[in-house]
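What follows is each chain in one-letter form.
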Amino acid sequence: MDLKLKDKVALVTGTGSQIGYGKAIALTLAEEGCDIISADIDFEGAKKTATAVETLGRKALAVKVDVTERAEVDDMVQQALAKFGKIDILVNNAGASIQKPFMEMTKADWDFNINVNLYGQMNVAQAVLTHMIPRHYGRIINVSGGQGFPTISIYGAAKAGVVAFSQALAREVTHLGVIVNVVTPGLAKTGLTVNAPPEFLDDLIQHSSILKRFCTPEDMAPVVAFLASDVCSYMVGQCVNLGGS
Ligand SMILES: NC(=O)c1ccc[n+]([C@@H]2O[C@H](COP(=O)([O-])OP(=O)(O)OC[C@H]3O[C@@H](n4cnc5c(N)ncnc54)[C@H](O)[C@@H]3O)[C@@H](O)[C@H]2O)c1
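Quick summary incoming for the structure in this document. (Residues numbered from 1 in each chain as written. Predicted model: local features only at pLDDT ≥ 70, side-chain atom pairs only at ≥ 80, totals over all residues.)

**Thoughts on helix α2 (residues 43–55)**
No. 1: The end-to-end C-alpha separation of α2 is 18 Å, in line with the 18 Å expected for 13 residues at 1.5 Å each.
No. 2: For α2, the set of buried residues is Gly45, Ala46, Thr49, Ala50 and Val53. Take α2 and look down its axis: the buried residues cluster within an arc of 140°, on one side only. Opposite the buried face of α2, by more than 90 degrees, sit the exposed residues Glu44, Thr51 and Thr55.
No. 3: On its buried face, α2 sits against α1 (21–31), β2 (35–40) and β3 (60–64).
No. 4: At the C-terminal side of α2, Gly57 shows a positive phi close to 90°. (Helix = DSSP H or I, 4+ residues; strand = E, 2+ residues; numbered from the N terminus. Expected span 1.5 Å × (residues − 1). Buried ≥ 20, exposed ≤ 12 C-beta atoms within 10 Å, placed from the backbone. Arc of directions from axis to C-beta. Contact = placed C-beta atoms within 7 Å.)

The following block contains the structure:
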């Protein structure tokens, strides 16, 4: 199936991790013909992913951005428009988590989890929509995440917020040409989970996934590519559960 992504421009956040979802998403979109803005707080990682995109024959721009800082986000969008002239697709993938039992968390831990995972996506969505709405075209894919698991209560609350935010946003901007959907990927062995005890992760997989295996960036990337495409024309404001369940 031709996803008709050739010559689209995609901004993917959280591409710095070389073992994460963001890099796989950027490379899959590039394989489908997209040029990529590779954005991350980890600039060295973002540059590596941009180089990998160029190896596939597409153009890339690496940007250092902290998605919690609106001025940096606005600057990223300006850099992207200066290089490519448009942004067709946003994949709001950057995320991070402080994992602790709720009773051990401080207000600073709450703020970190909510700032990165919820405010970060709101910042990038609003900055990109400022450009997408006048063009009457856009695809936004927000990345949600695990909810209801121990040690990630506030991260999960932020990710539940991402779903509610996206559903409402879809109702506000679909008639303006922008289609918004969400993906909740399953538990994966990425930078986010690299420091979690393996037995804890294995236990979570046994209880949360019918498939009884970890999700991988390669499971995630084609789903995002579909949602980013014009083939996805009648699916709006949905949360795709890629949790192996
Ligand atoms: N790994 C999992 O089990 C899992 C499960 C469900 C959802 N997710 C979500 O998938 C997305 C990708 O995470 P991942 O699992 O690939 O982890 P990862 O740590 O491998 O990648 C996350 C990337 O986000 C970047 N990032 C963090 N804070 C940032 C900030 N303030 N500004 C810009 N970039 C920032 C990191 O530098 C990193 O490159 C996240 O939204 C995460 O919450 C992950």
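**A few points about the site of the ligand**
No. 1: The ligand sits among 32 residues. The nearest are Ser17, Gly20, Gly95, Gly145 and Gly191.
No. 2: Those elements that provide at least two residues to the shell around the ligand are α1 and α4 (107–135).
No. 3: Tallied by class, residues from the shell around the ligand come to 13 nonpolar, 16 polar and three charged. (Near = placed C-beta within 6 Å. Nonpolar A, V, L, I, M, F, W, Y, C, P; charged D, E, K, R; others polar.)

**Some thoughts on the pairing of strand β4 (residues 89–92)**
No. 1: Neither face of β4 is open: one carries Ile89 and Val91, the other Leu90 and Asn92, and all of them are buried.
No. 2: Here three bridges tie strand β1 (residues 9–13) to β4, and the two strands are oriented parallel to one another. In the sheet register, Val12 faces β4, and the bridge partner there is Val91.
No. 3: With four bridges joining them, β4 and strand β5 (residues 138–143) adopt parallel strand pairing. Among the inter-strand pairings, Ile89 is bridged to a residue of β5, identified as Arg139.
No. 4: Considered for its hand, the β-α-β crossover made up of β4, α4 and β5 is right-handed. (Pairing = 2+ DSSP bridges. Right-handed = clockwise from strand over helix to strand, strands pointing away.)

**Details of the environment of Asp2**
No. 1: Mapped onto the elements, Asp2 comes out in the segment before β1.
No. 2: Overall, the presence of 10 C-beta atoms within 10 Å leaves Asp2 in the exposed class.

**What about the sheet that holds strand β6 (residues 178–185)?**
No. 1: Strand order in this open sheet of seven strands is β3-β2-β1-β4-β5-β6-β7, and the pairing throughout is parallel. Whereas interior strands pair on both sides, the edge strands pair on one side only; in this sheet they are β3 and β7 (239–242). Neighbour to neighbour, the strand axes of the sheet diverge by 15° on average, direction disregarded.
No. 2: Sheet analysis places β5 next to β6, joined by six bridges and oriented parallel. By the bridge assignment, Ile141 is partnered in β6 with Asn181.
No. 3: Across the sheet, α4 is in contact with β1, β4, β5 and β6; its angle to β4 comes to roughly 175°. (Axes fitted to C-alpha atoms, helices over the stretch in contact; angles between N-to-C directions.)

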